[in-house]
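# Coordinate analysis (summary)
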2 protein chains.
Amino acid sequence: MTPKIQSFVMHCGEMGSRWGFNRTIGQMCGLLVISEQPLTANEISDRLNISRGNVSMGIKELQSWRLIQVQHRPGDRKEYYSPAGSIWDMALRVFEERRKREVDPTLSLLRDNMLDAPANSEEAYAQAKMHEIHDLLDALTHFASELPKMGPERLHSLMKLGAGVGKVLDMKDKFLKANK
Amino acid sequence: MTPKIQSFVMHCGEMGSRWGFNRTIGQMCGLLVISEQPLTANEISDRLNISRGNVSMGIKELQSWRLIQVQHRPGDRKEYYSPAGSIWDMALRVFEERRKREVDPTLSLLRDNMLDAPANSEEAYAQAKMHEIHDLLDALTHFASELPKMGPERLHSLMKLGAGVGKVLDMKDKFLKANK
DNA sequence: TTAAAGTTTCAATAATTTCTGAAACTTTAA
DNA sequence: TTAAAGTTTCAGAAATTATTGAAACTTTAA
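Since we're looking at a predicted model, the values are computed, not measured.

Rules used in this analysis
Residues numbered from 1 in each chain as written. Chains lettered and ligands numbered in written order. Predicted model: local features only at pLDDT ≥ 70, side-chain atom pairs only at ≥ 80, totals over all residues. Heavy atoms only, no water. Near = heavy atom within 4 Å. Polar contact = N/O pair within 3.5 Å; in protein donor to acceptor, adjacent residues only side chain to side chain. Helix = DSSP H or I, 4+ residues; strand = E, 2+ residues; numbered from the N terminus. Expected span 1.5 Å × (residues − 1). Buried < 20%, exposed > 50% of the residue type's maximum accessible area, 1.4 Å probe, protein only. Contact = heavy atoms within 4.5 Å. Salt bridge = Lys/Arg side-chain N within 4 Å of Asp/Glu carboxyl O. Least-squares fit on C-alpha atoms with pLDDT ≥ 70 in both.

## Re the protein's contact with DNA strand C
Within the structure, DNA strand C sits among 17 residues, and Thr24(A), Ser51(A), Arg52(B), Lys60(B) and Arg77(B) are positioned closest to it. If you look at DNA strand C and keep only atoms within 4 Å of the protein, 65% of those are sugar or phosphate atoms. The separation between a phosphate oxygen of DNA strand C and a polar side-chain atom of Asn54(A) is 3.2 Å. Within the side chain of Ser56(B), an N or O atom sits 3.1 Å from a phosphate oxygen of DNA strand C. Put simply, the parts of the chain that give the surface near DNA strand C at least two residues each are helix H2 (23-34) and helix H4 (52-64) of chain A together with helix H4 (52-64) and strand S3 (76-83) of chain B. Among the elements that make up the surface near DNA strand C, the one with the highest residue count is H4(B) (5 residues).

Dropping the structure here:
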């Protein structure tokens, strides 16, 4: 590995836990993304100096995130791993998977807690706050689930637009009102 | 604490590490959000059964996330803590703070690595991928930095619109083309 | 001043998470 | 069948992270 590749892979390791997995898995993911050729588990183990067992667990985890895919070569029993889809695809998957782990459980707890009437005024306040949080997370979840439907180009133009979306939205509202 | 409040606070603790902090800090944050009255460090320590020192460290951390604020009462030397701003404000802050910790370091590493020419074809491929990642994170960062400027209502209508934004964007493009 | 009320720090310990490597398992070619 | 090539599992060890609590520090009223 050249120094630049090395530094990228090690960086992915350091960031791994912040991105929702751990060091090893971060390194593995980084390595696979910048490798043109698919790699076997043993190659990953060698290049990263990580035990074979650890690689095996990492592969399972990366598969559960839907970030890598297996390939086979004719006349070769080994399994070759490569990233599943484009960088955009992977980013959207990480987004979605993290939403599932970081938001969904809270959403369902809040729904449960909001069901019955408050027992006293302290609880009434608490429930009102839970309602606020619920609405926010709910809106966020809906939005996030729609993102993949938009396709990379539109996503890109949306992001470039930034706060400008606000103006476009206002424009739309005016337009609708005028045609009513 | 009533069972419902209890369950919410404990849930925040369990989710704490997934949200970017740890159990104690998650609990503290949850407790403060659903408490109508500001709380002192000792009250937090009592209600959550957490050592006084731990609460002190948690307060510092929550302040570094800009999620809580201190208040004083006339004739009372104690410090009272309460959430800083609305739920939306807090969500935006968590978003921004996490971007700083999870994206910014990678962005700067990628910029560095992209500067000089590739040493060989393996590195050329790696650099192309890094470029892709950089562009994605860069777009994301710009977009995120614009969000707070939009205000809660517009944000809410944007989220409700979901993939529909795509159509609005197309509409805008057509409109601009027609008027060219 | 000083002592009481309050806060912070940090070394030691507890709890949790990650990693290893050897043993068990699976698949396939001969 | 069987043995070679490959993969997975998991108990224990290592590394990391969180928590406590006592001592040090700060502030203020008397």
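## Describing helix H9 (residues 164-178) of chain B
The terminal C-alpha atoms of H9(B), which comprises 15 residues, lie 21 Å apart, in line with the 21 Å expected from a rise of 1.5 Å per residue. Every buried residue belonging to H9(B) is among Gly164(B), Val165(B), Gly166(B), Val168(B), Leu169(B) and Lys172(B), and all of these are buried. Residues of H9(B) that are buried in the fold lie against helix H7 (121-150), helix H8 (152-161) and helix H9 (164-178) of chain A together with helix H8 (152-161) of chain B.

## A look at the pattern of salt bridges
Residues and elements named next belong to chain A. Under the counting rule described, the total for this entry stands at 28 salt bridges over all chains. Between Arg101 and Glu97 there is a salt bridge, with its nearest N and O atoms 3.8 Å apart. With Arg101 and Glu97 both in helix H5 (residues 87-102) and 4 residues apart, this pair spans about one turn of that helix. Judged by its relative accessible area of 27%, Arg101 falls in the partly exposed class. Linked through salt bridges whose partners overlap, the residues forming this network are Glu61, Arg66, Glu96, Glu97, Lys100 and Arg101.

## Details of the relation of the copies chain B and chain A
Structural alignment of chain B on chain A gives an RMSD of 0.1 Å, achieved by rotating through 180° and translating 0.0 Å along the axis. Taken together, the turn and the small shift mark the pair as related by a two-fold rotation axis. For chain B, the minimum C-alpha distance to the rotation axis belongs to Val168(B) and amounts to 3.8 Å. Taken together, the interface assignments show that 100% of the residues at the interface of chain B recur at the interface of chain A, consistent with an identical surface on both copies.

Any functional reading would require information that these geometric values do not contain.
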